[in-house]
Amino acid sequence: MILARVVGDVVATIKHADLRDQKLLLVQPVTPEGEAQGRAMIAVDTAQAGTGDLVLVLDEGNGAAQVLRRARGAVRTAIVGVVDIVDHGG
């Protein structure tokens, strides 16, 4: 699981059949403090997230397929939750 910030929408006029009817968002991995790290990626939105939201991202094909309730296919990365707060235990 990856903590990330939604930084934009992805619009595609032609999609793989596994992505048809799926909302795609661009997410930027972040540290627990909110600092960007690594490269942005495209994720299927299963949590009704929007630009600016802090989200939990599953970046593993089998898990993404299970969340989408389908056989493995062209989906690897999925947003599985919107994060309200990160508690550093302090």
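Reading the values: the criteria
- Residues numbered from 1 in each chain as written.
- Predicted model: local features only at pLDDT ≥ 70, side-chain atom pairs only at ≥ 80, totals over all residues.
- Heavy atoms only, no water.
- Helix = DSSP H or I, 4+ residues; strand = E, 2+ residues; numbered from the N terminus.
- Buried < 20%, exposed > 50% of the residue type's maximum accessible area, 1.4 Å probe, protein only.
- Contact = heavy atoms within 4.5 Å.
- Core = buried A, V, L, I, M, F, W, Y, C linked by side-chain atoms within 4.5 Å.
- Pairing = 2+ DSSP bridges.
- Axes fitted to C-alpha atoms, helices over the stretch in contact; angles between N-to-C directions.
- Polar contact = N/O pair within 3.5 Å; in protein donor to acceptor, adjacent residues only side chain to side chain.

(A) Representation of the overall build of the chain within the structure. Summing up its helical and strand segments, the chain has one helix and five strands in all. Listing each helix as α and each strand as β along the chain from the N terminus yields β-β-β-β-α-β. When burial is assessed residue by residue, the chain has 36% of its 90 residues classed as buried. Contacts spanning at least 24 positions in sequence make up 53% of the contacts within the chain whose residues lie at least 6 apart.

(B) Representation of the nonpolar core within the structure. Residues Ala-4, Val-6, Leu-25, Val-27, Met-41, Ala-43, Ala-49, Val-55, Val-57 and Ile-79 constitute the largest nonpolar core, which totals ten residues. Among the secondary structure elements, those contributing two or more residues to this core are strand 1 (2-10), strand 2 (24-29), strand 3 (41-45) and strand 4 (54-59). Apart from residues no more than four positions distant in its own chain, Ile-79 is found in contact with Val-6, Leu-25, Val-27, Ala-43, Val-44, Asp-45, Thr-46, Ala-47, Ala-49, Val-55, Leu-56 and Val-57.

(C) Main features of the pairing of strand 4. As paired elements, strand 1 and strand 4 share four bridges and run antiparallel to each other. Directly across from Leu-3, in strand 4, lies its bridge partner Leu-56.

(D) Molecular detail of the sheet that holds strand 4. Spatially, five strands are ordered 1-2-3-5-4 in a closed barrel, and the strand pairing comes out mixed. Direction aside, neighbouring strands of the sheet carry axes that sit 55 degrees apart on average. Summarising the sheet, strand 2 and strand 3 pair through four bridges and their orientation is antiparallel. The residue of strand 3 that forms the bridge with Leu-25 is Ala-43.

(E) Quick peek at unusual backbone geometry. Backbone geometry places Asp-21, a non-glycine residue, at a positive phi of 65 degrees. Tracing the chain through its elements places Asp-21 in the loop between strand 1 and strand 2.

(F) The pairing of strand 3, seen in detail. For strand 3, the tally of buried residues reaches four of five residues, placing the bulk of the element in the interior. Bridge count between strand 3 and strand 5 (residues 77-82): two bridges; the pairing is parallel. Of the residues in strand 5, the one forming a bridge with Asp-45 is Ile-79.

(G) Region of the structure containing the side chain of Gln-28. Examined against the element boundaries, Gln-28 turns out to sit in strand 2. Side-chain polar atoms of Gln-28 contact the backbone oxygen of Gln-37, separated by 3.1 Å. A distance of 3.1 Å separates the side chain of Gln-28 from the backbone oxygen of Gly-38, its partner in a polar contact. Leaving out residues up to four positions away in the same chain, Gln-28 has contacts with Leu-3, Ala-4, Arg-5, Val-7, Ala-36, Gln-37, Gly-38, Arg-39 and Ala-40.

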